[in-house]
Amino acid sequence: MLKVDHLVAGLILEPTGPGLYRAPEVETGHEVIFGGQLLAQSVVAAAADHEGKRAKTLHTVFARGAAPGTPLDVTVDTMHTGRAFASSTVTISQGDRLCTRSLVLFTADEPDFIHHADEAPSVGAPPETPASGGPDEWQVQIVGDVDIADPDLVGPPELDVWTRFPGAPDDVLTAQAVLAFASDGFLIGTAMRPHAGVGQSQAHRTLATGVVSHTLTFHEPFPADDWLLLAHRSPHAGHGRSYGRADVFTPAGALVASYVQDAMLRPMPQRDPAGA
């Protein structure tokens, strides 16, 4: 499992010029760079120009996958800086290959005028011992021990996941970045759940899967290293695509963030025995 200090080190971007950075690779064992890494680094890169504000919404389009072992170049273009709001675009490329482009909106804190929030689902308390991840690693526990990798396991298009990054620095930007990282991981698997013979273990083998757009909105501050409940639902899948959304809650039931995701999900072309 991914060590938290390795992820945090991956959020330290090397300046290479005005609005330009070189981003390190966070190794997760995937055949492509994990999309959550690019989301997290986009938040961090954009924040450098907006001191005193926190990220409100991250909109990212994944144009192409990023390949391990190739440098990641980050370009930030500040669009607007005001008293209440600010925004930047962030482009991540590998050479002349554009991988992602994000629009990041920042906000200054203001007092409540009105306030309401959905309640957390009733799934019980966070686990004492998670299913994966040690004391210094990214920890994950899927509620009900659902195995989204198993293509023979069928259930509703819903998935509740407890996640935690123990030891992560306790600041707003790190908390937002590690949640952005985690938010990329489960919605495709959620969309697969109702369909027999389809599971996440087939991704990049017999199924072509990949995120194509992702929007994450932060509602309230939250600790970087405490448990968060990611409550996922996929209301639609079809035409080689899947759509999902999720709300993020603290153990006390506070709604702190929400996200939506469009993804590609389709069978890979079968090759004939002759390799044609």
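Coordinates for the structure precede this section.
Counting starts from 1 at the beginning of each chain's written sequence and moves along it residue by residue. In keeping with the model being predicted, local features are shown solely for residues with a pLDDT of at least 70 and side-chain atom pairs are shown and tallied solely at 80 or more, while totals for entire chains, interfaces and linings include all residues. As a rule here, side-chain values cover all heavy atoms of the structure and leave hydrogens and water aside.

**Observations concerning a negative patch on the surface**
So, step 1. Taken together, the side chains of D170, D171, D225 and D226 make up a negatively charged region of the molecular surface.
So, step 2. Note on conventions: DSSP H or I runs of at least 4 residues are helices, E runs of at least 2 residues are strands, and numbering of each starts at the N terminus. On the secondary structure map, D170 appears in the loop between β8 (158-164) and α3 (172-183). A patch consists of residues whose relative accessible area exceeds 30% and which take part in no salt bridge; residues with like charges are grouped when within 9 Å of each other, and nonpolar side chains (Val, Leu, Ile, Met, Phe, Trp, Tyr) when within 5 Å. In this description, accessible areas are obtained by the Shrake-Rupley approach with a 1.4 Å probe, and a residue is regarded as covered only by the protein chains that are shown. A carboxyl oxygen of Asp or Glu within 4 Å of a side-chain nitrogen of Lys or Arg is what we treat as a salt bridge. None of His or the chain ends enter the tally, which takes Lys and Arg as positive and Asp and Glu as negative. Each charge is placed at NZ for Lys, CZ for Arg, CG for Asp and CD for Glu.

**Structural notes on the nonpolar core**
So, step 1. Each nonpolar core is a collection of buried residues, namely Ala, Val, Leu, Ile, Met, Phe, Trp, Tyr and Cys, held together in the definition by side-chain atoms within 4.5 Å. The buried label goes to any residue with under 20% of its type's maximum accessible area, the exposed label to any with over 50%, and the partly exposed label to all in between, with areas taken from a 1.4 Å probe on protein chains only. Formed by 67 residues in total, the largest nonpolar core has its most connected members in F165 and F181.
So, step 2. Residue contributions to this core peak at eight residues, all from helix α2 (residues 35-47).
So, step 3. Here a residue-residue contact requires only that any non-hydrogen atoms of the pair lie within 4.5 Å. Look past the residues within four positions of F165 in its chain and what remains in contact with it is V4, L7, W138, V178, F181, A182, A224 and D225.

**Focus: the sheet that holds β8**
So, step 1. For two strands to be treated as a pair, DSSP must find at least two bridges joining them. Here we have twelve strands laid out as an open sheet, ordered β1-β2-β4-β5-β6-β3-β9-β12-β11-β10-β8-β7, and antiparallel in their pairing. Both edges of this open sheet fall to β1 (14-17) and β7 (139-142), since each of them pairs with a single strand only. On average, adjacent strands in this sheet sit at an angle of 25° to one another, irrespective of strand direction.
So, step 2. Two strands pair when backbone bridges link them, and β1 and strand β2 (residues 20-23) are joined in this way by three bridges, in the antiparallel orientation. Within β2, the position partnered with E14 by the bridge is R22.
So, step 3. Lines are fitted to the C-alpha atoms to define the axes, a helix being fitted only along its stretch in contact, and any angle between axes, read from their N-to-C directions, falls within 0 to 180 degrees. Here α2 sits on the sheet in contact with β2, β3 (54-62), β4 (72-81), β5 (85-94), β6 (97-107) and β9 (207-218), set at roughly 135° to β3.
So, step 4. Strand contacts of α3: β3, β8, β9, β10 (228-238), β11 (241-249) and β12 (255-267), with the helix running at about 150° to β9, the strand carrying the most contacts.

**What about α3?**
Note on helix geometry: an α-helix contains 3.6 residues per turn, so any two residues three or four positions apart are oriented the same way.
So, step 1. The length a helix should cover is 1.5 Å for every residue beyond the first. Its twelve residues give α3 an end-to-end C-alpha distance of 16 Å, which sits within 8% of 16 Å, the value for a rise of 1.5 Å per residue.
So, step 2. A large share of α3 lies buried, amounting to ten of its twelve residues.
So, step 3. Within α3, the full set of buried residues consists of T174, A175, Q176, A177, V178, L179, A180, F181, A182 and S183.
So, step 4. Side-chain atoms alone can form a polar contact between residues adjacent in sequence; in general such a contact is a pair of N or O atoms within 3.5 Å, and within protein one must be able to donate a hydrogen while the other accepts it. For α3, the side-chain oxygen to backbone nitrogen distance between the N-cap and L173 is 3.3 Å, and the N-cap itself is D171.

**Brief notes about the environment of T190**
So, step 1. Turning to its location among the elements, T190 is positioned in helix α4 (residues 187-192).
So, step 2. With a relative accessible area of 0%, T190 lands in the buried category.
So, step 3. Taking the C-alpha atoms as reference points, T190 and H219, separated by 29 residues in sequence, lie 23 Å from one another.
So, step 4. Contact partners of T190, with chain neighbours within four places excluded, come to P157, E158, L159, H232, R233 and S234.
So, step 5. Among the polar contacts made by the side chain of T190, one reaches the main-chain carbonyl oxygen of F186 at a distance of 2.8 Å.

**Quick notes on the packing of aromatic side chains**
So, step 1. Two rings from Phe, Tyr or Trp (for Trp, the six-membered ring) form a pair when their centres are within 6.5 Å of each other. A pair whose planes differ by under 30 degrees is stacked, one over 60 is edge-to-face, and the rest are tilted. Inspection of the entire model under this criterion finds four aromatic pairs.
So, step 2. Relative to F181, the ring of F34 lies with its centre 4.9 Å away and its plane at 70°, an arrangement referred to as edge-to-face. Of this pair, F34 sits in the loop between β2 and α2 while F181 sits in helix α3, and the two are 147 residues apart along the sequence. In terms of burial, F34 and F181 fall into one category: buried.
So, step 3. These aromatic residues form a ring-pair network of at least three members: F34, W138, F165 and F181.

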